[in-house]
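Commentary on secondary and tertiary structure
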Amino acid sequence: MQINPSLQTCQLFWLAIITFSVVACKTTQLPAPVVGVVAVDSSQVEPHHSLSLLKPIDQPVNQGPYRGEKTKLHDLIHTRLELRFDWEQQHVLGKATLELRPYFYSQNSLVLDAKGFDIHSILLVEGGSKKSLTYEYDQKKIVIALDRPYQRSESYFVEIDYTAKPNELATGGSEAITSDKGLYFINPLGNDEDKPQQIWTQGETEANSCWFPTIDSPNQRSTQEMYITVEDRFTTLSNGQLVYSQGQNDGTRTDYWKMSMPHAPYLFMLAVGEFAVVKDQWEGKDVSYYVEPEFEVYAKSIFGRTPQMMTFFSELLKYPFPWSKYAQVVVRDYVSGAMENTTASVFMEDLQVDSRYLIDEDWDGIIAHELFHQWFGDLVTSESWSNLTLNEAFATYAEYLWAEHLLGKDDADYLGYEEQQNYLAEANEKKVDLIRFYYQDKEDMFDSHSYAKGSRILHMLRYHLGDDAFFSILNEYLTTHAGQPVEVHHLRLMAEKVSGQDMNWFFNQWFMDSGHPELHIKHTFEDDTLAIEITQTQNLSSAPIFRLPMEVDFWHNQNGASHSIVLDQQQQVFKFPMEVEPDLVVIDKENQLLLDLDYEQSKQELMHQYSVGYHALTRFKALEKLLSDSVDIVTIGLFLEALDDPFWAIRQLAVNVFEGYTGDQTEELVSKLNILAKSDTKSLVRADAITTLSSFPNDVVYLPLYLEAIKDSSYAVAGAGLYAYLQIDHPERKEIAQTFEDESNIQLVIPLADYYALNNIPGKYSWYQNQLKSASGELMYYLINYFGQYLVSADSADQATGASYLEDIGINHTTYYIRFSAFQALGLLDEVDGTLDMMLRVTESEKDPRLLEIYHQISQD
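The structure reproduced in this document is the subject of the present report. Values in this document were obtained by computation on a predicted structure and should not be read as measured data.

By the secondary structure assignment, R456 is in helix α8 (residues 449-465). Among the residues examined, R456 registers a relative accessible area of 4% and is labelled buried. Remark: the alpha-carbon pair of R456 and L593, spanning 137 residues in sequence, is separated by 7.8 Å. Beyond its immediate stretch of four places on either side in the chain, R456 contacts Y397, Y400, G416, E419, Q420 and L594.

On to the nonpolar core. The nonpolar side chains of a soluble globular protein tend to be buried with one another. By size, the foremost hydrophobic cluster in this structure holds 265 residues, and its most contacted members are F85, F313 and W375. Excluding its chain neighbours within four sequence positions, the residues that come into contact with F313 are A368, L371, F372, W375, A398, L401 and W402.

Together, Y103, F104 and Y105 line one region of the surface with nonpolar side chains, adding up to about 370 Å² of accessible area. Its place among the elements puts Y103 in the loop between β5 (91-102) and β6 (107-113).

Moving on, we come to the sheet that holds strand β11 (residues 156-164). In spatial order, the strands read β8-β7-β11-β5-β4-β14-β17-β16; together these eight strands make up an open sheet with mixed pairing. What marks the edges here is a single partner per strand, and that holds for β8 (129-132) and β16 (241-247). Across the sheet, the mean angle separating the axes of adjacent strands is 20° when strand polarity is ignored. Relative to strand β17 (residues 252-263), β16 runs antiparallel, the two sharing six bridges. Within the sheet, the bridge partner assigned to S245 lies in β17 and is D255.

Position of E605 among the secondary structure elements: in helix α12 (residues 603-612). For E605, which is buried and forms no salt bridge, the nearest opposite charge comes from K625, at a distance of 7.9 Å. At 2.8 Å, the side chain of E605 forms a polar contact with the backbone nitrogen of S602. The contacts of E605, once residues within four sequence positions are left out, are H523, D583, L584 and E600.

Before going further, it helps to examine the packing of α12 against helix α13 (residues 616-626). It is at 8 Å that the axes of α12 and α13 come closest, and there the two elements cross at 155°. When the axis of α12 is compared with that of α13, the two are roughly antiparallel. Crossing hand, α12 versus α13: left-handed. The residues of α13 that touch α12, namely those facing K603, L606, M607, Q609 and Y610, are T618, R619, A622, L623, K625 and L626.

Rules behind the numbers
- Residues numbered from 1 in each chain as written.
- Predicted model: local features only at pLDDT ≥ 70, side-chain atom pairs only at ≥ 80, totals over all residues.
- Heavy atoms only, no water.
- Helix = DSSP H or I, 4+ residues; strand = E, 2+ residues; numbered from the N terminus.
- Buried < 20%, exposed > 50% of the residue type's maximum accessible area, 1.4 Å probe, protein only.
- Contact = heavy atoms within 4.5 Å.
- Core = buried A, V, L, I, M, F, W, Y, C linked by side-chain atoms within 4.5 Å.
- Patch = residues over 30% accessible without salt bridge, like charges linked within 9 Å, V, L, I, M, F, W, Y side chains within 5 Å.
- Areas by Shrake-Rupley, 256 points an atom, 1.4 Å probe, with all protein chains shown as cover.
- Salt bridge = Lys/Arg side-chain N within 4 Å of Asp/Glu carboxyl O.
- Pairing = 2+ DSSP bridges.
- Axes fitted to C-alpha atoms, helices over the stretch in contact; angles between N-to-C directions.
- Lys, Arg positive; Asp, Glu negative; His and termini not counted.
- Polar contact = N/O pair within 3.5 Å; in protein donor to acceptor, adjacent residues only side chain to side chain.
- Parallel < 35°, antiparallel > 145°, perpendicular 65-115°, else oblique.
- Left-handed = near helix turned anticlockwise from the far one by under 90°.

Written out as structure tokens, the structure is:
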């Protein structure tokens with residue numbers, strides 16, 4: 001499962017509501033001091049007793065009941081589904097035949113998960129005969145009385161004829177998976193000409209039991225047959241192989257899909273739609289990409305590195321791709337980012353892009369994430385949601401591994417740094433165990449702890465043990481536990497078996513406990529001795545004292561020396577004899593540790609760190625830290641130098657430093673920015689260079705640059721040029737803006753939306769409406785805000801119809817932050833008759849607890 005990566009939208013959303021945030025205070029107490037002495041290499045270590053930096057201990061909070069692995073009363077052996085669909089009612093007309101066997105103890109009843117069904121019959125199938133079974137049903141679980149007790153050596157078959165009504169279920173979900181109805185009808189009546197008719201499923205966590213009866217638990221595994229009957233115009237997709245398609249006399253067709261290897265029920269899937277299917281292959285196995293017909297020509301540009309990824313991961317793990325085929329399908333209105341259904345991953349519609357989009361960025365990360373799940377999550381599956389990180393940490397780390405392979409270590413390390421920052425941001429709000437046996441809701445597990453933190457921990461394990469041992473561990477783990485549910489101790493024991501080392505200390509502090517090291521570091525030089533004082537300042541009520549093997553580097557001019565130390569006490573002082581005080585001390589030069597570092601460095605030290613940093617991330621972090629102070633005469637030369645850095649993200653950072661710069665815009669600065677704007681190898685750097693130049697006074701001199709940029713093949717560059725151009729009072733700008741009105745990419749739509757709204761350009765109501773009809777996600781969030789601004793100065797008729805349109809979005813849109821955006825836009829129209837009543841109806845119709853809290857706070861202000 002991949003969370004929707006439109007993080008900027010979510011950040012904007014939370015920035016918009018930050019005024020209404022509520023901060024809870026906790027009772028605190030002072031921790032007992034823990035100090036120690038450790039001898040390491042050539043250093044000397046002594047205890048230090050100043051505890052002023054230590055954080056008080058928070059009282060523990062109730063994190064929910066214990067959530068262990070579900071008790072297995074039965075083994076689900078095989079699932080056969082015969083499915084038809086009532087598009088008008090949005091019902092699934094199904095017949096399920098399940099083969100089961102008692103797990104260990106004798107059983108005379110069977111409990112199945114089935115949410116919101118109409119049950120027509122439940123039969124025991126014995127050879128050619130069937131007999132009715134009695135049952136009780138509470139709309140969540142079916143308790144079936146079997147005809148006799150069955151032993152663990154006996155299997156039996158139950159047939160259930162049912163109607164599933166997923167659209168009539170109450171909506172649940174989370175930030176990661178915004179709905180849990182299991183099966184979704186998209187544009188079921190075909191009334192929306194801008195949206196295809198589709199059906200698709202989303203099973204994780206336990207939502208597949210919304211459309212077929214099963215034991216909906218990740219520790220079950222079943223083989224599968226699926227007979228899907230649809231109108232002949234539709235294409236279907238499911239797990240495993242398409243055995244045959246058989247036409248019917250009524251214009252329908254039945255596709256028979258068979259999955260011969262067992263897998264968890266939450267990984268069952270189907271998709272129905274008028275897809276174009278683009279074929280590829282890997283080692284003789286079918287690889288296919290299902291997209292809407294207009295994107296057929298781009299499918300291989302989007303997904304085309306999939307076979308290369310399959311080769312890379314198979315060789316890296318020394319375990320070939322384990323399934324019979326691999327398909328990837330893009331669907332509309334998806335409730336998450338992507339999902340790793342066995343042999344058939346589902347992706348959000350954002351992946352349907354053209355070749356211009358792919359100049360700026362690709363979707364390799366999410367594609368690699370879901371592909372790696374085919375080993376970690378599908379072949380070997382977490383036995384419980386408490387162990388979710390065994391699925392998601394590996395899949396997230398696959399993004400790092402692929403970037404390292406394709407682009408190099410610098411790009412991979414930058415990606416890892418972004419992941420770490422995501423986790424640290426979340427850790428400001430909560431710190432929970434990575435393996436979490438206590439939580440309120442299973443959906444709570446889909447967070448930056450399970451994903452980003454878990455990924456960074458795997459990276460630390462790899463660094464600590466070395467590549468040979470690390471990837472041997474993964475191979476043994478997969479080989480030993482293929483087709484089985486696992487928990488974290490399976491991974492630990494395999495790490496110990498392969499490496500010969502005790503790994504309890506590592507797994508206890510990183511997997512079984514919460515928090516992360518928060519280190520305060522300072523160093524002094526006296527009597528030919530460098531003393532490095534390190535204090536672990538993390539909250540000891542929720543985090544342990546960490547054991548941290550790490551590297552410390554000392555630099556004298558351009559000469560560096562590395563020393564290994566082990567931090568395992570709350571406070572330690574490491575002493576290193578040397579004749580001359582170093583110009584620079586670098587902690588963790590490989591950037592492999594997950595920690596929050598409080599390390600005060602002078603501008604001279606940071607400038608030195610940039611000059612000697614052979615890892616791009618080391619240089620990047622030096623510049624980033626320099627930005628905590630304003631750029632001045634001391635550092636301006638360094639940022640000018642960074643405009644020529646070989647790593648694109650550093651050039652981009654340096655370019656953005658000069659946005660709005662009011663200092664001396666030297667010929668050297670302007671020349672470098674012009675060169676970057678015209679010819680940098682990274683389109684995102686070119687775009688930012690244009691934006692920075694447009695922030696300078698008298699930027700009309702760059703008009704030729706802007707006009708050239710809007711013709712660029714990169715959306716980012718063209719959008720930056722268009723936005724900059726439209727800020728200039730030029731006689732042709734209205735005409736040029738109109739030439740972009742048919743564009744749908746966010747980089748080109750937003751400059752127009754901004755220009756029309758802020759300049760009160762008349763007659764653009766229909767343009768906003770047309771854009772909003774096809775927009776989703778981040779683009780729709782922005783557009784709604786600009787539409788509200790546009791309506792402020794529109795005529796009364798447009799204001800009235802526009803407000804009603806916003807009310808409808810605020811009440812009925814399926815995405816919570818889009819609904820809130822519409823509510824905000826209505827707030828701009830408070831002088832329009834009836835708007836306040838519309839806002840009240842929006843708040844009264846809301847059911848999402850996140851928005852309910854915000855609306856409550858607003859009502860109190």
